[in-house]
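One-letter residues, chain by chain:
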Amino acid sequence: MRTLMVRIGGMADAKARFVKAGADALKGDPIAATPTLNFASYDDMHRVLAPARLAIVRALAGQEPMAIREVARRIGRDIQAVHRDVTTLLNAGVIDRSDGGITVPYDRIHFEFDVSAAA
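Residues numbered from 1 in each chain as written. Predicted model: local features only at pLDDT ≥ 70, side-chain atom pairs only at ≥ 80, totals over all residues. Heavy atoms only, no water.

*Asks:* Looking at this model, I keep getting lost on the overall build of the chain. Mind explaining?
*Replies:* A count of helices and strands for the chain gives five helices and five strands. Ordered by position from N to C terminus, the α and β elements of the chain give β-α-β-α-α-α-α-β-β-β. Counting across all 119 residues of the chain, residues that qualify as buried make up 29%. Expressed as a percentage of contacts within the chain between residues at least 6 apart in sequence, the contacts between residues at least 24 apart total 66%. Counting every atom, the chain has about 7,900 Å² of accessible surface; 54% of that belongs to carbon and sulfur. Seen as two clouds, the 16 positive and the 14 negative side-chain charges of the chain have centres 2 Å apart. (Helix = DSSP H or I, 4+ residues; strand = E, 2+ residues; numbered from the N terminus. Buried < 20%, exposed > 50% of the residue type's maximum accessible area, 1.4 Å probe, protein only. Contact = heavy atoms within 4.5 Å. Areas by Shrake-Rupley, 256 points an atom, 1.4 Å probe, with all protein chains shown as cover. Lys, Arg positive; Asp, Glu negative; His and termini not counted. Charge placed at Lys NZ, Arg CZ, Asp CG, Glu CD.)

Written out as structure tokens, the structure is:
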């Protein structure tokens, strides 16, 4: 099962994971490569993975590659707006483009972040 991990955290968090992976590699421990999107804040994540864009991902999930026009028809949105959203999702690595259209290369998307009260 291929999972896309979505995280919110700063550079220190990403660096700590990178250093741990390096230390594990030096010890000879196997390291699972997990596709990951890191965002600095919830707002940054929401700009890329807004509900309308996640609707596109849901429409593509488990399907053969699909034309943007068909995605727009399935979710009931304007093709130009869907095209803009697809471009954002392609650039972020959430979806892929092939000769047959666009597709989701993941079986699931896992969101991993904490929400806490402001200080």
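Continuing now.
*Asks:* Please explain helix α3 (residues 51–60) as it appears in this structure.
*Replies:* It helps to recall that an α-helix has 3.6 residues per turn; residues three or four apart then point in one direction. Extensive coverage of α3 is indicated by the burial of seven of its ten residues. If you check which residues of α3 are buried, you get R53, L54, A55, I56, V57, A59 and L60. Residues of α3 that are buried in the fold lie against α2 (42–48), α4 (68–75), α5 (79–92), β4 (101–103) and β5 (108–112). In the stretch just after α3, G62 is the one whose phi turns positive, near 75 degrees.

*Asks:* Just checking my understanding: could you explain the sheet that holds strand β2 (residues 36–39) for this structure?
*Replies:* Strand-to-strand pairing in sheets goes through backbone hydrogen bonds, with the strands running parallel or antiparallel. Spatial ordering of the open sheet is given by β2-β1-β5, a layout of three strands whose pairing is parallel. A single partner strand is all that each edge strand has here, and the edge strands are β2 and β5. Adjacent strand axes in the sheet meet at a mean angle of 15 degrees when their direction is disregarded. Where strand β1 (residues 3–8) and β5 come together, five bridges link them in parallel fashion. Following the sheet pairing, M5 is matched in β5 by H110. (Pairing = 2+ DSSP bridges. Axes fitted to C-alpha atoms, helices over the stretch in contact; angles between N-to-C directions.)

*Asks:* Any chance you could explain the nonpolar core here in plain terms?
*Replies:* Across soluble globular proteins, nonpolar side chains have a tendency to be buried as a group. Residues L49, L60, V94 and I95 are the most contacted members of the largest nonpolar core, which totals 23 residues. At the level of elements, β1, β2, α2, α3, α4 and α5 are the ones that each hand at least two residues to this core. By residue number, the principal contributor to this core is α3, which donates four residues. (Core = buried A, V, L, I, M, F, W, Y, C linked by side-chain atoms within 4.5 Å.)

*Asks:* Any chance you could explain the pairing of β1 here in plain terms?
*Replies:* Every other side chain in a regular strand lies on the same face of the sheet, so the side chains alternate between the two faces. Across the six residues that make up β1, a large majority, five, are buried. As paired strands, β1 and β2 are joined by four bridges and run parallel to one another. For M5, the partnering residue across the bridge sits in β2 and is T36. With helix α1 (residues 11–27) bridging β1 and the parallel β2, this β-α-β connection has right-handed handedness. (Right-handed = clockwise from strand over helix to strand, strands pointing away.)

*Asks:* What is the right way to read the packing of α3 against α5 from this model?
*Replies:* When two helices pack together, their arrangement is given by the angle between their axes and by how far apart the axes lie. Contact pair α3 / α5: the axes reach a minimum separation of 10 Å and the direction vectors enclose 80 degrees. It follows from the interaxial angle that α3 and α5 lie roughly perpendicular. When α3 is examined against α5, the residues A52, R53, I56 and V57 are found in contact with a partner set consisting of V82, D85, V86, T88 and L89. Residues of the contact of α3 with α5, tallied by class, amount to six nonpolar, one polar and two charged. (Parallel < 35°, antiparallel > 145°, perpendicular 65-115°, else oblique. Nonpolar A, V, L, I, M, F, W, Y, C, P; charged D, E, K, R; others polar.)

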